[in-house]
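Descriptive structure summary
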Amino acid sequence: MDAGDPLRSLWDFDDLDTTETRLRAELDRSTDDAARAEVLTQLARVEGLRGDFAAGDRLIDEAAASAGSSALARARIDLERGRLRRSGGDPTAALPLFESAYETALDAGSSFIAVDAAHMAALAAPDHGGFEEWTARGIALAEAHGEAEYWLGPLLNNLGWERYERGEFAGALDAFERALAAREDDGSDPQSVEIARYAVGKALRALGRSDEAVPLLERAVAWASDEGAPDGWFHEELAEEFAALGRDDDAREQARLALPLLREADPAFEQDDARLARMQTLAGA
């Protein structure tokens, strides 16, 4: 029976030090070699997120030495070694590892790990066709197995942005709307719901439907404000929606709110001359 990923609960992607502490405590508790190998792969992922790929590889090598015949441990080993390769700038080397992880996870009966591998294979694919194929494979598996439903939100979000960047706005909207529904059904991460709402709004604006987008962005802005964490991207997009509708005063207000937040939170914002100039123009600066 597919049990999802019991190690997932140990992760806090916003606090890698705490995640490492939890994982090392789990490693100390584990007496089974295959179980220890699985934990070691997660410690390798922590190092990859820190950018220390050599340390990650050493942990993966240690995991491989302990995995024995465990298909699940071997699937995790390929998955995390693949992540290290992709994060290190070598997607070509990463792709076959993700493909192997996918097949091995299926053999192990873990749809959760298999969908994770499919989602990573899509990101490492060399072309749009490969991206769409692996994403579709992951979506189908996640829809068929409740333990893997978490992945519908990320997969559909990635699909939406891939299509958006290609100018396929109707297809992007379909993916973003499905991602929003999946995030709402999951309910475990309210911020991801509002980010999904923002993405739907962007696609609607690209299709000339800003009148439909404004309520979505207003809801996202209100949520962030209520959380005490106003979001510059939400304000920026709402400013653009208002501008598209000719509501210049409302656009000006949102742009003025967006500018300081984006300057603080997005290092790339000040380097993007066109984007910066656009917000300054809308703000009347």
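Fair warning: this is a prediction, and the values are worked out from it, not measured in the lab.

Conventions used here
- Residues numbered from 1 in each chain as written.
- Predicted model: local features only at pLDDT ≥ 70, side-chain atom pairs only at ≥ 80, totals over all residues.
- Heavy atoms only, no water.
- 1 Å grid on protein atoms, 1.4 Å probe; cavity = no way out; pocket = protein on both sides within 12 Å on 5 of 7 lines; lining within 4 Å.
- Points joined across faces, edges and corners; volume = space filled by probe spheres on them.
- Helix = DSSP H or I, 4+ residues; strand = E, 2+ residues; numbered from the N terminus.
- Nonpolar A, V, L, I, M, F, W, Y, C, P; charged D, E, K, R; others polar.
- Core = buried A, V, L, I, M, F, W, Y, C linked by side-chain atoms within 4.5 Å.
- Buried < 20%, exposed > 50% of the residue type's maximum accessible area, 1.4 Å probe, protein only.
- Contact = heavy atoms within 4.5 Å.
- Phe/Tyr/Trp six-rings, centres within 6.5 Å; stacked < 30°, edge-to-face > 60°.
- Lys NZ or Arg CZ within 6 Å of the ring centre and 35° of its normal.
- Patch = residues over 30% accessible without salt bridge, like charges linked within 9 Å, V, L, I, M, F, W, Y side chains within 5 Å.
- Areas by Shrake-Rupley, 256 points an atom, 1.4 Å probe, with all protein chains shown as cover.
- Salt bridge = Lys/Arg side-chain N within 4 Å of Asp/Glu carboxyl O.
- Lys, Arg positive; Asp, Glu negative; His and termini not counted.
- Charge placed at Lys NZ, Arg CZ, Asp CG, Glu CD.

1. Regarding the layout of surface pockets
The space that makes up the largest pocket amounts to roughly 1000 Å³. In this structure, the largest pocket is lined by 29 residues; those nearest its centre are Arg8, Tyr150, Pro154, Arg183 and Asp189. Going through the elements one at a time, α4 (71-87), α6 (111-124), α8 (152-165), α9 (169-186) and α10 (190-206) are the ones with two or more residues in the lining of the largest pocket. Counting residues per element, the lining of the largest pocket draws most heavily on α9, which supplies six residues. Class assignment for the residues of the lining of the largest pocket results in 10 nonpolar, six polar and 13 charged.

2. Brief notes about the nonpolar core
Ranked by internal contacts, the top residues of the largest apolar core, which has 32 residues, are Leu79, Phe98, Tyr102 and Val115. Considering each element in turn, this core owes the most residues, 10 residues, to α6. Leaving out residues up to four positions away in the same chain, Phe98 has contacts with Leu79, Gly82, Arg83, Arg86, Ala117, Met120, Ala121 and Ala124.

3. Quick word on the packing of aromatic side chains
Evaluation of the coordinates by the stated rule reveals nine aromatic pairs. Look at Trp11 and Phe13: their rings are 4.6 Å apart centre to centre, the planes differ by 15°, and that puts the pair in the stacked class. The class for Trp11 is buried, based on a relative accessible area of 9%. The lysine or arginine in question, Arg45, covers the ring of Trp11, its NZ or CZ lying 5.3 Å from the ring centre.

4. With respect to the environment of Arg45
Summarising the element assignment, Arg45 is placed in helix α2 (residues 33-50). Taking the relative accessible area as the measure of exposure, Arg45 reaches 14% and is therefore buried. In this structure, the C-alpha to C-alpha distance between Arg45 and Asp57, residues 12 residues apart in sequence, is 9.5 Å.

5. Topic: a negative patch on the surface
A contiguous patch of negative charge, built from Glu147, Glu149, Asp185, Asp186 and Asp189, is present on the exposed surface. Locating Glu147 in the fold gives a position in the loop between α7 (128-144) and α8.

6. Quick word on empty space enclosed by the protein
Applying the stated criterion across every chain, the model contains one cavity of 30 Å³ or more. Roughly 70 Å³ of internal volume is contained in the largest cavity. In this structure, the largest cavity is lined by Asp5, Arg8, Trp11, Gln42, Arg45, Arg76, Leu79, Glu80, Arg83, Phe112, Ile113 and Asp116. Looking at the lining of the largest cavity, the elements with two or more residues in it are α2, α4 and α6. The biggest single contributor to the lining of the largest cavity is α4, with four residues. Per-class residue counts for the lining of the largest cavity are four nonpolar, one polar and seven charged.

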